[in-house]
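A closer look at the structure
Residue strings, one per chain:
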Amino acid sequence: MKTDKSKKLFEKAVGLIPGGVNSPVRAFKAVGGEPPFIQRGSGSKIFDADGNEYIDYVGSYGPLILGHAHPKVLGAISEAAQNGLTFGAPTEIEVEMARLITKAMPGVEKVRMVSSGTEAVMSALRLSRGFTGRTKIIKFDGCYHGHSDSMLAAAGSGVATLGIAGSPGVTDGAAEDTIVLDYNDLESVEKTFERMGEDIAALIVEPVAANMGLIPPTEGFLEGLKSLTQKSGALLIFDEVITGFRLGLSGAQGFYDVKPDLTCLGKIIGGGLPVGAFGGRSDVMDQLAPNGPVYQAGTLSGNPVSLSAGLMTLKLLADKAIYSQLDERAKRLSEGLEAAATAAKVDVFSTRLGSMSTVFFTKGPVIDYKSAKGSDLKAFASFFKAMLKRGIYLAPSQFEAAFISAAHSQEDIDKTVRAAEEYFLELS
Ligand code: PLP
């Protein structure tokens, strides 16, 4: 496997960009080695600067549910771009996007577009504080909600991957108002509301945690969060930046039939271009400027190019057969990888929901960040490298999910499982 060109590019990059990357997890620090530089993608495959081909299970960390360079998405982008990139004035496509989102997501009556998931969460938190007049926010250890100050306490994704507890640069004040509890531990949420319910503006949760590896909610967890927040007058925020339109058209809220007060979206609704959105109850959303006093704005918010990619993606996802195919292929992958490890007597605990999955290198069970951290990270790193060498591109961290797209074929999955079987056989 040739790596000369990627190596040279990385050498150059580290002199110019901190760590050589524009987002930390891409640097391969948790698994060792250097990242291949990707030149292009097509369907389920990506190709690096040295001409190596990989089956891609990262999908840009979630947006590419239709695979790389889908012709219809590219067509929509190109058509929108011909008409101008951005206006700073209302456009029809924003209304259409809002219509589709509010129709699909049970908890969203009104929605505002922004340019990233981080911005969506940051805005939803400000709105929650403005609406309730309270200051504290509950989040869960290992859940990632973007990199705004108050959400960096005990975060998942790159923060978990690099083992960073918090982040210098975040003031004590910002961290002080964030209460961090264990995912799936309803009792601790109950106790916290008993102790200080009147101070809590919102509880934010990934309804299916996907940034400490994939960890589904235990039975009754989301329903419990709903009833506790409702009782105390705090808002329930579902961060569906990953799960929105991935776990089905109605996201995790439809899947589990639990309606949050506010919802954060991103990734898929931009079809691979920068986007975010937050929405929810009309009475809460109407507190936003210009209707209400809570300020929130954005130069490129709702720009027609991002929205054209997102809108085309959502339209294509209306074909329900896509979700059943995703489910079936992801099941095949997850079961295949687990069986390959088990046959070689390697302890793994595998989780899957819809098209997202993780193989934890631990006996398990994995139900929260503490148990996820019990994974053998060296064993994961060695598996990751062996798979990469065999043309399988997984996320370079135990604490990320694998994403299947509609472009992944049965053959892709079988090839991936065979690569894992080969590796585990060599081990045993
Ligand atoms: N929320 C969740 C659940 C995420 O997974 C992410 C990013 O991975 C974010 C928020 C932040 O989104 P962005 O990276 O677009 O700022």
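Please refer to the structure higher up on the page.
Reading the values: rules and limits
Residues numbered from 1 in each chain as written. Predicted model: local features only at pLDDT ≥ 70, side-chain atom pairs only at ≥ 80, totals over all residues. Heavy atoms only, no water. Core = buried A, V, L, I, M, F, W, Y, C linked by side-chain atoms within 4.5 Å. Buried < 20%, exposed > 50% of the residue type's maximum accessible area, 1.4 Å probe, protein only. Helix = DSSP H or I, 4+ residues; strand = E, 2+ residues; numbered from the N terminus. Pairing = 2+ DSSP bridges. Axes fitted to C-alpha atoms, helices over the stretch in contact; angles between N-to-C directions. Near = heavy atom within 4 Å. Areas by Shrake-Rupley, 256 points an atom, 1.4 Å probe, with all protein chains shown as cover. Arc of directions from axis to C-beta. Polar contact = N/O pair within 3.5 Å; in protein donor to acceptor, adjacent residues only side chain to side chain. Expected span 1.5 Å × (residues − 1). Contact = heavy atoms within 4.5 Å. Phe/Tyr/Trp six-rings, centres within 6.5 Å; stacked < 30°, edge-to-face > 60°. Lys NZ or Arg CZ within 6 Å of the ring centre and 35° of its normal.

**Section: the nonpolar core**
Counting residues in hydrophobic clusters, the biggest one holds 66 residues, and the most contacted among them are Tyr57, Ile101, Phe245, Ile269, Leu317 and Phe424. Looking at this core element by element, the count peaks at 8 residues for helix α12 (residues 321-343). In this structure, Cys143, Val189, Met196 and Leu222 belong to the second largest nonpolar core, which totals 28 residues.

**Side note on the sheet that holds strand β5 (residues 136-140)**
Spatial ordering of the open sheet is given by β4-β10-β9-β8-β7-β5-β6, a layout of 7 strands whose pairing is mixed. On the outer flanks of this sheet lie β4 (110-114) and β6 (178-181), each paired with one strand and no other. Taken over all neighbouring pairs, the strand axes of this sheet differ in orientation by 20° on average, direction set aside. As paired strands, strand β7 (residues 200-205) and strand β8 (residues 235-239) are joined by 4 bridges and run parallel to one another. Bridge pairing in β8 links alanine 202 to leucine 235.

**Digging into the sheet that holds strand β3 (residues 53-56)**
Reading across the sheet, the 4 strands line up as β1-β2-β3-β13 and stay open at both edges, with mixed pairing between neighbours. Each of the sheet's edge strands pairs with one partner strand only, and the pair in question is β1 (38-42) and β13 (392-393). Across 4 bridges, the pairing between β1 and strand β2 (residues 45-48) is antiparallel. Following the sheet pairing, isoleucine 38 is matched in β2 by aspartate 48.

**Observations regarding the site of the ligand**
Taken together, Ser116, Gly117, Thr118, Tyr144, His145, Gly146, Glu206, Asn211, Asp239, Val241, Ile242 and Lys267 are the residues near the ligand. With the chains in place, 82% of the 390 Å² that the ligand exposes on its own is no longer accessible.

**Considering the pairing of β3**
Summarising the sheet, β2 and β3 pair through 3 bridges and their orientation is antiparallel. Within β3, the position partnered with isoleucine 46 by the bridge is tyrosine 54. Strand direction decides the pairing type here: β3 and β13, joined by 2 bridges, are parallel. Following the sheet pairing, isoleucine 55 is matched in β13 by isoleucine 392.

**A few points about helix α7 (residues 186-196)**
Regarding α7, the residues found buried are Ser188, Val189, Thr192, Phe193 and Met196. All buried residues of α7 fall inside an arc of 140° around its axis, so they share one side. Of the exposed residues in α7, the ones pointing more than 90 degrees away from its buried face are Glu187 and Glu194. Between the side-chain oxygen at the start of α7 and the backbone nitrogen of glutamate 187 there is a gap of 3.3 Å, and the oxygen is on aspartate 185.

**Regarding helix α14 (residues 377-389)**
With 13 residues, α14 extends 18 Å from end C-alpha to end C-alpha; this agrees with the ideal 18 Å at 1.5 Å per step. Listed as buried for α14 are Phe380, Ala381, Phe383, Phe384, Ala386, Met387 and Leu388. Contacts made by the buried residues of α14 are with β3, α12, β13 and α15 (410-427). Two or three places before lysine 378, at the start of α14, stands the capping residue aspartate 376, its side-chain oxygen 3.1 Å from that residue's backbone nitrogen. At the C-terminal side of α14, glycine 391 shows a positive phi close to 85°.

**Quick look at the side chain of serine 371**
Take serine 371: it is sitting in helix α13 (residues 369-373). Engagement of the side chain of serine 371 in a polar contact is seen with the backbone nitrogen of isoleucine 367, the distance being 2.9 Å. The contact partners of serine 371, leaving out residues within four places of it in the chain, are Pro365 and Val366.

**Considerations on the packing of aromatic side chains**
One pass over the full model with this rule turns up 15 aromatic pairs. Relative to phenylalanine 384, the ring of phenylalanine 28 lies with its centre 5.2 Å away and its plane at 80°, an arrangement referred to as edge-to-face. Of this pair, phenylalanine 28 sits in the loop between α1 (4-16) and β1 while phenylalanine 384 sits in helix α14, and the two are 356 residues apart along the sequence. Look at phenylalanine 28 and you get buried, because its relative accessible area is 3%. Residue phenylalanine 384 is classed as buried on the basis of its relative accessible area of 1%. With centroids separated by 5.2 Å and ring planes inclined at 65°, the aromatic side chains of tyrosine 183 and phenylalanine 221 adopt a geometry described as edge-to-face. Of the two residues, tyrosine 183 is situated in the loop between β6 and α7 and phenylalanine 221 in helix α8 (residues 221-232); the sequence distance between them amounts to 38 residues. The burial state of tyrosine 183 is the same as that of phenylalanine 221; both residues are buried. Ring-pair connections join several aromatic residues into one group, and the members of that group are Phe28, Phe361, Phe380, Phe383, Phe384, Tyr423 and Phe424. Positioned over the ring face of phenylalanine 47 is arginine 40, at 4.0 Å from the centre of the ring.

Purely geometric numbers; function is a separate question.
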